[in-house]
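# Summary of structural features
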Amino acid sequence: MPIKGKRKCPLDNKRLTAQQVFDDLAAERQILSLKIKCPNQCDWQVELRNAKNHEMDCPMTIVTCNYLNIGCNFKGPRKFLSDHYKNNLVEHLAITTNQLLTLKDESKQQLEEVTAQLLELKDENKVRLDMIKAGFITLQNENDKQVSRLMTLNNESEKQAKEVKAKLLELQDDNKVKSDIFKAEFKTLQSKHDKQVSRFMTLKNESKKQVEELTAQLLEIQDESKMKLETILTTLFTIQNKNENQVARLETEIENHQDESEENIFRLQTKIEKHQNVSKQNVFRFN
């Protein structure tokens, strides 16, 4: 039996582990072998293991009468139950009779109610049956009319079928003649088609040869164009190098000329300043 809560020994109050706890079968056998007095205060002393079995047979166990459900209120020790049955046989019989009479009256009432319902259903079913019969007769009359119409239509359809069959036979003969004509025309068209196919194959082979020749010519032209293009590119590179050299020379000459121009301008500015100074002196002297 598992220990709930804190696992402690009841003697020394030490904590217990799950491995230390086990069922003591020997102690259980000793406890179940102990004799106890019957809780119903009879004279029997039984072992604890047989207490439940004794309670089922104990003469002092409180029981009720088997007729409890139909009105008997006896409740007492089991040892008085047999005397109760003997002494109250008439009462039990009267209770049972009254119960049977009550059930009989209830059954009679229920039977009357069911009979009334059956009669109502019978009347309703009779009315419904009459309505169904009338509807069936009406449907049968309509069905007869439809059958006569169908017979008339059947005769007409048979006549039409014969006429159609005759027309089909005529058309079959015409179609046979037309079929022969179509076959002859088909053979003619097939021969023409074969000739056209042979011409097409010839033209296809010729065009294939022409394509191969043109491809070879294009490859030759492509090679020549490639060589010419390489020559032109070489010439262009040469011209470009020459132009670059000439541009470099011109830039150098322009820079030199620019330096000379700056020197000349500086000289002219110096001369102008000197001339201005001389002019100022002359003006001063004149004044």
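Reading guide: rules and limits
- Numbering of residues starts from 1 in every chain and runs along the sequence as written.
- Where totals are concerned, whole chains, interfaces and linings use all residues; where local detail is concerned, this predicted model gives features only for residues with pLDDT of at least 70, and gives and counts side-chain atom pairs only at 80 or more.
- As a convention, hydrogens and water are excluded, and side-chain values are obtained from all of the structure's heavy atoms.
- Helical segments are the DSSP runs of H or I of at least four residues, strand segments are the runs of E of at least two, and each set is numbered from the N terminus.
- Values of the radius of gyration come from C-alpha atoms, whereas the globule rule sets the reference at 2.2 Å times the count of residues to the power 0.38.
- The cut-offs for exposure are 20% and 50% of the maximum accessible area for each residue type, with area from a 1.4 Å probe on protein chains only; residues under the lower value are buried, those over the upper are exposed, and the others partly exposed.
- Residue exposure ignores everything except the shown protein chains as possible cover, and the areas themselves are Shrake-Rupley values with a 1.4 Å probe.
- His residues and chain termini do not enter the charge count, which takes Lys and Arg as positive and Asp and Glu as negative.
- Each charge is placed at NZ for Lys, CZ for Arg, CG for Asp and CD for Glu.
- UniProt positions are given in the numbering used here, feature names are shortened, and annotations may be inferred rather than shown by experiment.
- To count toward a patch, a residue needs a relative accessible area above 30% and no salt bridge. Like charges then connect within 9 Å, nonpolar side chains (Val, Leu, Ile, Met, Phe, Trp, Tyr) within 5 Å.
- Any Lys or Arg side-chain nitrogen found within 4 Å of a carboxyl oxygen on Asp or Glu counts as a salt bridge.
- The contact criterion used throughout is that any non-hydrogen atoms of two residues lie within 4.5 Å.
- The disulfide criterion used throughout: a pair of cysteine sulfur atoms within 2.5 Å.

Turning our attention to the overall build of the protein chain. What the protein chain contains, in helices and strands, is four helices and four strands. In sequence order, the secondary structure elements of the protein chain are arranged as α-β-β-α-β-β-α-α. Its C-alpha atoms give the protein chain a radius of gyration of 70 Å, clearly above 19 Å, the size a compact globule of 287 residues would have. Taking the principal axes of its C-alpha atoms as reference, the protein chain extends roughly 180 × 115 × 65 Å. Per-residue burial for the protein chain yields a buried fraction of 6% across its 287 residues. Summing over all exposed atoms, the protein chain offers an accessible surface of approximately 26,900 Å²; the carbon and sulfur share of this is 57%. Seen as two clouds, the 46 positive and the 45 negative side-chain charges of the protein chain have centres 5 Å apart.

This part takes up the UniProt feature "domain: TRAF-type" (unreviewed entry) in the protein chain. The UniProt record annotates "domain: TRAF-type" (unreviewed entry) at residues 35–84. With 22% helix and 24% strand, residues 35–84 has end C-alpha atoms that lie 32 Å from one another.

Before going further, it helps to spend a moment on a nonpolar patch on the surface. On the surface, a nonpolar cluster with roughly 480 Å² of combined accessible area is contributed by Leu-229, Ile-232, Leu-233, Leu-236 and Phe-237. Inspection of the secondary structure puts Leu-229 in helix α4 (residues 89–286). You can call Leu-229 partly exposed: its relative accessible area is 48%.

This next bit is on a negative patch on the surface. A cluster of acidic side chains, namely Glu-251, Glu-255, Asp-259, Glu-260, Glu-262 and Glu-263, defines a negative patch on the protein surface. Examined against the element boundaries, Glu-262 turns out to sit in helix α4. Overall, Glu-262 belongs to the partly exposed group, its relative accessible area being 47%.

Glancing now at the side chain of Thr-61. With respect to the secondary-structure elements, Thr-61 resides in the loop between α2 (51–57) and β3 (62–64). Sequence-distant contacts of Thr-61, that is, excluding residues within four places in its chain, are made with Asn-40, Glu-55, Gly-76, Pro-77 and Arg-78.

A few words on the UniProt feature "coiled-coil region" (unreviewed entry) in the protein chain. Per the UniProt record, "coiled-coil region" (unreviewed entry) is found at residues 104–174 and 204–260. Strand forms 0% of residues 204–260 and helix 100%; the C-alpha atoms that close the span are 81 Å apart.

Next up on the list: the side chain of His-92. If you trace the backbone, His-92 turns up in helix α4. If near-sequence neighbours (up to four positions away) are discounted, His-92 is found in contact with Cys-65, Tyr-67, Cys-72, His-84 and Tyr-85.

Another aspect to go through is the environment of Glu-113. With respect to the helices, strands and loops of the structure, Glu-113 is situated in helix α4. Sequence separation of Glu-113 and Cys-58 is 55 residues, and the distance between their C-alpha atoms is 50 Å.

What makes a disulfide is a covalent bond joining the sulfur atoms belonging to two cysteines. Tallied over the full model, the rule gives zero disulfides. The structure places no disulfide on Cys-38, whose sulfur is separated from the nearest cysteine sulfur, that of Cys-42, by 3.5 Å. Taking relative accessible area as the criterion, Cys-38 reaches 7% and is therefore assigned buried. Exposure remark for Cys-42: the relative accessible area of 13% places this residue in the buried category.

As a further point, take the environment of Asp-174. Note on placement: Asp-174 falls in helix α4. A relative accessible area of 42% places Asp-174 in the partly exposed class. The spacing of Asp-174 and Thr-234 is 60 residues in sequence and 86 Å in space, taken between C-alpha atoms.

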